[in-house]
Amino acid sequence: MGIEYFASKRLFVLSTTHTTYAFYINAMNVPVHLYYGRHVSDNAELLAMDFSADRPAFSPHPEKGKSRDSNEVLALEFSGDNSGDFRVTGVRVVGENGDSASDAFYTTHRMKKGKYAIPGLPAAHAAQSEAETLELELEDSCAKARYILYYSVFDDEDVITRAVRIINISDGPVRLERMMSAQIDFPVGDYDLLSFHGSWARERHAERLPLGHGVRSIRSCRGASSHASNPCVALMAHDATEMFGDVYGFALVYSGNFAIEAELGQYDTPRITLGIDPGSFCWHLEPGEDFYTPEAVLGYSAEGLNGLSRNFHDFVRNHILNAYWSRQIRPILINNWEATYFDFNADKLREIGKMSSELGIEMLVLDDGWFGKRDTDNCSLGDWVVNQEKLGNFETLVSDLNRMKLKFGLWFEPEMVSPDSDLYRAHPEWTLHTPGRQKMIGRTQYILDFSRDEVADYIYEAICKILSTVNVEYVKWDMNRNMTEVFSAALPPERQGEVAHRYIKNVYRVLARLIQAFPHLLIEGCSGGGGRFDLGMLYYTPQIWCSDDSDAIERLSIQAGTSCFYPASTMGAHVSVCPNHQTGRVTPFTTRGYVAQCGTFGYELDPTKLSEEDRMLIREQIATYHRSHDLVVEGDLYRLTPCWKTNPVEGMLFVGKAKRRAMMVIVRRQAVPCGPNLCIKLAGLVPELRYRTGDGHSFYGDTLMNCGYPLEKLEQRDGASLLVELEAE
Ligand code: DGJ
């Protein structure tokens, strides 16, 4: 396992426990991709996998070469624009004289133990023994740019990470118009593309479509990874299912504007490129300056989409999440947003706190409205000073809650400013806006120009001031609008294309500083629900509020889609009241609890207004959480029903790594009179072990996996559900 170089063949082979990734340097010094997929044992034979063939004159090639050396014929590790690769390329760099042709030829390479880092950007972390790195150096034939392609190999998780550094080695400035993190060519292949679309309150719905000819672009130019798209996709063999078949995954460790382009070329060759969205990006490089792309994560599994998800979950837990929180059972929280919205005061919070604590809830999160003079969403963002009129002495309130054995959490929206705020009155130039243009407003707020260090530093200090005066153990970091008129008053014209990337780098910098200052602070990411749910944010915020839609039935699709790449332990999920505030739907309290148990678990309601019966159910839910939540945090997740479909009955299963315990949640979306027979087949159990199902029954693992779990106890009504805890005898 690891990285091997066969000098006589100029062949590189990157192996993980179950995968092989190979390319070689051809006679023209071009890195040619050979194979990525299930592990193969004979490396030499991989050289036969260069399928490039002679092609018509319309595919130009180097003067001294053959038509099979055309850049559009070869499967390439990396390719430039305007030099014969007519597909979507990895880089476009324009020289001082306007020359936009770029190519890249191998010059040298280095192999190392451990993992590369990316200055100023989140990237997978690993001990020296956990990863191996290849740095492949390429150079443009006109000495315009040098490229270092980074590859790190993670054996156990069957993952390869990639990133690129470009250095301007010319004598004048260059303009980087496109710099993707990775380009992956498949010499052959016929796949479906699985991607995740949505909108506010309807995030990450999985969509599976055949990859046809042309380019399918999944992108965001909103300044955040967004509700509408998500920076991860899978390529699935047409016959692949949740449990079986070839599936490739591609994800970015990035939270800003991104593009994932999936192309099927004229010779039926699939290509994936992923990185910063070129449409909203441009970077100016003076001679000697460099630029690092965000990190791309590549995975493959022969065990269907679930196999790929499990690899990604392990990878995220081991190498992306903050090690302190990664495997910690998180405190059960109650958030006052849906309980009170802006209508609260200190007494109300004490009341909610008292009842919550009696029920076994462990943390109270005070959401929007505690600062400035904010009683609606039209003022005070940026004025991070406690509203004493509403809350009295804040320290007393927090210590009262602590005395009730409740931790305390607090909401911020650090990147925003209200026009009606002291901050905006003092610094109107601190917002993103184009001079002379009308400013757009969203939720009555502007976006602070986080590309400016002094703005980011000011906000950091303001947050620190609060965290240093009261005992805040959790922060919810929200972001409630997308970017427009992206322009910074602090940057020259040639650097305006850098604003969005500089912005997100400073968001990361503030988060990193907060974690350094408060190492055990739990930060929950949020952007109007799940509008910035990505590996970049997860690097700093071990959980993210998955959606503002707290309806249990809607959450089935949202959480299933999210779970394709992100572990369940990162998905903020709460029980809220019915009729649900977003959909008006009425769902049994038990079902709301079971669905929330498949995420971080908490409440978003006023417990003082609940019936005694519901309060009893809260006690039961909390007992289940304490018994079984380790399975959600550390176990293997199996989606028992295909996430790209709306299934009449949905199933999620968490199996402990030792395979002796499991927890399954089954939900009937809608009752269907005289509907089809239903059968849910389990997975991941030990065939010959007998599992007790908690209702006096027990079944062998192979019965549960091959025949299925009998669903006769699942009531014939909308939103009926079962939670089954399995334990090996
Ligand atoms: C959007 C979040 O997703 C909600 O949970 C809540 O925090 C509101 N913002 C508050 O403004």
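Residues numbered from 1 in each chain as written. Predicted model: local features only at pLDDT ≥ 70, side-chain atom pairs only at ≥ 80, totals over all residues. Heavy atoms only, no water.

J.: Would you mind going over helix α8 (residues 453–469) with me for this structure?
T.: In this model, α8 (17 residues) spans 24 Å end to end at C-alpha, consistent with the 24 Å of a helix rising 1.5 Å per residue. Of the positions making up α8, those classed as buried are Val455, Ala456, Ile459, Tyr460, Ala462, Ile463, Cys464, Ile466 and Leu467. Among the structural elements, α6 (394–403), β23 (407–412), α7 (422–426), β26 (474–477) and α9 (499–517) are those in contact with the buried residues of α8. (Helix = DSSP H or I, 4+ residues; strand = E, 2+ residues; numbered from the N terminus. Expected span 1.5 Å × (residues − 1). Buried < 20%, exposed > 50% of the residue type's maximum accessible area, 1.4 Å probe, protein only. Contact = heavy atoms within 4.5 Å.)

J.: Can you walk me through the side chain of Thr20 in this structure?
T.: Topologically, Thr20 is positioned in strand β3 (residues 19–25). A distance of 3.0 Å separates a polar atom in the side chain of Thr20 from the backbone nitrogen of Val40. Excluding its chain neighbours within four sequence positions, the residues that come into contact with Thr20 are Val13, Leu14, Tyr35, Tyr36, Gly37, Arg38, His39, Val40 and Leu46. (Polar contact = N/O pair within 3.5 Å; in protein donor to acceptor, adjacent residues only side chain to side chain.)

J.: Would you explain the sheet that holds strand β2 (residues 11–15) in this entry?
T.: An order of β1-β2-β3-β4 is seen for the four strands of this open sheet, with the pairing classed as antiparallel. Looking along the sheet, the strands with just one partner apiece sit at the ends: β1 (2–6) and β4 (31–38). When the angles between neighbouring strand axes are averaged without regard to direction, this sheet yields 15 degrees. As judged from the seven bridges shared by β3 and β4, these two strands associate in the antiparallel manner. Considered in β4, the bridge of Ile25 is made with Pro31. (Pairing = 2+ DSSP bridges. Axes fitted to C-alpha atoms, helices over the stretch in contact; angles between N-to-C directions.)

J.: When you look at the packing of helix α12 (residues 589–597) against helix α13 (residues 612–634) in this model, what are you seeing that I'm missing?
T.: Helices that pack against each other are described as a pair by the angle of their axes relative to one another and the distance between those axes. At their nearest, the axes of α12 and α13 sit 10 Å apart, and the two run at 25 degrees to each other. Accordingly, the angle class assigned to the pair α12 and α13 is roughly parallel. Our pair here, α12 against α13, has a crossing hand that is right-handed. Contacts from Phe589, Thr590, Gly593 and Gln597 of α12 reach α13 at Asp614, Leu617, Ile618, Gln621, Thr624, Tyr625, His629 and Val632. Considered class by class, the residues forming the contact of α12 with α13 number five nonpolar, six polar and one charged. (Parallel < 35°, antiparallel > 145°, perpendicular 65-115°, else oblique. Left-handed = near helix turned anticlockwise from the far one by under 90°. Nonpolar A, V, L, I, M, F, W, Y, C, P; charged D, E, K, R; others polar.)

J.: Where do I start with the packing of helix α4 (residues 346–359) against α6 in this structure?
T.: Put simply, α4 and α6 touch, their axes get as near as 10 Å, and they point 10 degrees apart. Considering the angle they form, α4 stands roughly parallel to α6. On α6, the residues that touch Ala346, Leu349, Arg350 and Gly353 of α4 are Thr396, Leu397, Asp400 and Leu401. Broken down by class, the residue content of the contact of α4 with α6 amounts to four nonpolar, two polar and two charged.

J.: Is there a simple way to explain the pairing of strand β27 (residues 522–525) in this structure?
T.: Side chains on a regular strand alternate between the two faces of the sheet. Burial along β27 is two-sided: the face carrying Leu522 and Glu524 and the face carrying Ile523 and Gly525 are both buried. Across four bridges, the pairing between β26 and β27 is parallel. Within β27, the residue paired with Trp477 across the bridge is Gly525. Assessed by its sense of winding, the connection that carries the chain from β26 through α9 to β27 is right-handed. (Right-handed = clockwise from strand over helix to strand, strands pointing away.)

J.: Can you help me understand the pattern of salt bridges in this one?
T.: In a structure, side chains of opposite charge can pair up when their charged atoms sit close to one another. Taken as a whole, this structure holds 62 salt bridges when the rule is applied. Among the salt bridges present, the one from Glu358 reaches Lys354, with a minimum N-O distance of 3.4 Å. Highlighted residues: Glu358 and Lys354, both in helix α4, separated by four residues, approximately one helical turn. Look at Glu358 and you get partly exposed, because its relative accessible area is 46%. Counted as one network, the salt bridges with shared partners bring together Arg110, Lys112, Glu135, Glu137, Glu139 and Arg146. (Salt bridge = Lys/Arg side-chain N within 4 Å of Asp/Glu carboxyl O.)

J.: Just to check I follow, could you spell out the sheet that holds strand β34 (residues 661–668) for this structure?
T.: Hydrogen bonding along the main chain pairs the strands of a sheet, whether they run parallel or antiparallel. Read across the open sheet, the six strands follow the order β32-β33-β34-β37-β35-β36; overall the sheet is antiparallel. Each edge of the sheet is formed by a strand with only one pairing partner; in this case those strands are β32 (636–639) and β36 (698–700). Across the sheet, the mean angle from the axis of one strand to that of its neighbour is 25 degrees, orientation sign disregarded. Where β34 lies against strand β37 (residues 721–728), seven bridges are found, and the strand directions are antiparallel. Directly across from Ile666, in β37, lies its bridge partner Leu722.

J.: Hey, could you run me through a negative patch on the surface in this one?
T.: Taken together, Glu96, Asp171, Glu286 and Glu494 make up a surface patch of like negative charges. For Glu286, a relative accessible area of 32% corresponds to the partly exposed category. (Patch = residues over 30% accessible without salt bridge, like charges linked within 9 Å, V, L, I, M, F, W, Y side chains within 5 Å. Areas by Shrake-Rupley, 256 points an atom, 1.4 Å probe, with all protein chains shown as cover. Lys, Arg positive; Asp, Glu negative; His and termini not counted. Charge placed at Lys NZ, Arg CZ, Asp CG, Glu CD.)

J.: Looking at this model, I keep getting lost on the environment of Asp457. Mind explaining?
T.: Inspection of the secondary structure puts Asp457 in helix α8. Distance from Asp457 to Arg513, taken between C-alpha atoms, is 9.8 Å for residues 56 residues apart in sequence. The contact partners of Asp457, leaving out residues within four places of it in the chain, are Arg509 and Arg513. Within the structure, the side chain of Asp457 is placed 2.9 Å from the side chain of Arg509, a separation counted as a polar contact.

J.: Teacher, can you tell me more about the site of the ligand here?
T.: The environment of the ligand is formed by 13 residues, the closest being Asp367, Asp368, Lys476, Asp478 and Asp548. In this structure, Trp411 approaches the ligand through a side-chain N or O atom, which is 3.1 Å from an oxygen atom. Within the contact set of the ligand, an oxygen atom lies 2.8 Å away from a side-chain nitrogen or oxygen of Arg443. Relative to its unbound accessible surface of 290 Å², the ligand loses 98% to contact with the protein. (Near = heavy atom within 4 Å.)

J.: Which parts of the structure should I look at to understand the packing of aromatic side chains?
T.: Aromatic ring pairs are described here by two measures, namely the spacing of the ring centres and the angle between the planes. Within the structure shown, the criterion is met by 42 aromatic pairs. The interplanar angle of 50 degrees and the centroid separation of 4.9 Å between the aromatic rings of Tyr248 and Tyr300 together place this pair among those described as tilted. On the criterion of sequence distance, the pair formed by Tyr248 in strand β15 (residues 247–253) and Tyr300 in strand β20 (residues 295–301) is long-range, its members being 52 residues apart. Where Phe601 meets Tyr603, the ring centres are 5.3 Å apart and the plane angle is 70 degrees; that geometry is what we call edge-to-face. Residues Phe601 and Tyr603 agree in their burial class; the two are buried. Ring pairing ties together the aromatic residues Tyr5, Phe12, Tyr21, Phe23, Tyr36, Tyr106, Tyr151, Phe186, Tyr191, Tyr248 and Tyr300, which thus form one cluster. The positively charged end of Lys115 is found above the aromatic ring belonging to Tyr116, 3.9 Å away from the centroid. Seen from the ring of Trp644, Arg208 lies directly overhead, with NZ or CZ sitting 4.6 Å from the centre. (Phe/Tyr/Trp six-rings, centres within 6.5 Å; stacked < 30°, edge-to-face > 60°. Lys NZ or Arg CZ within 6 Å of the ring centre and 35° of its normal.)

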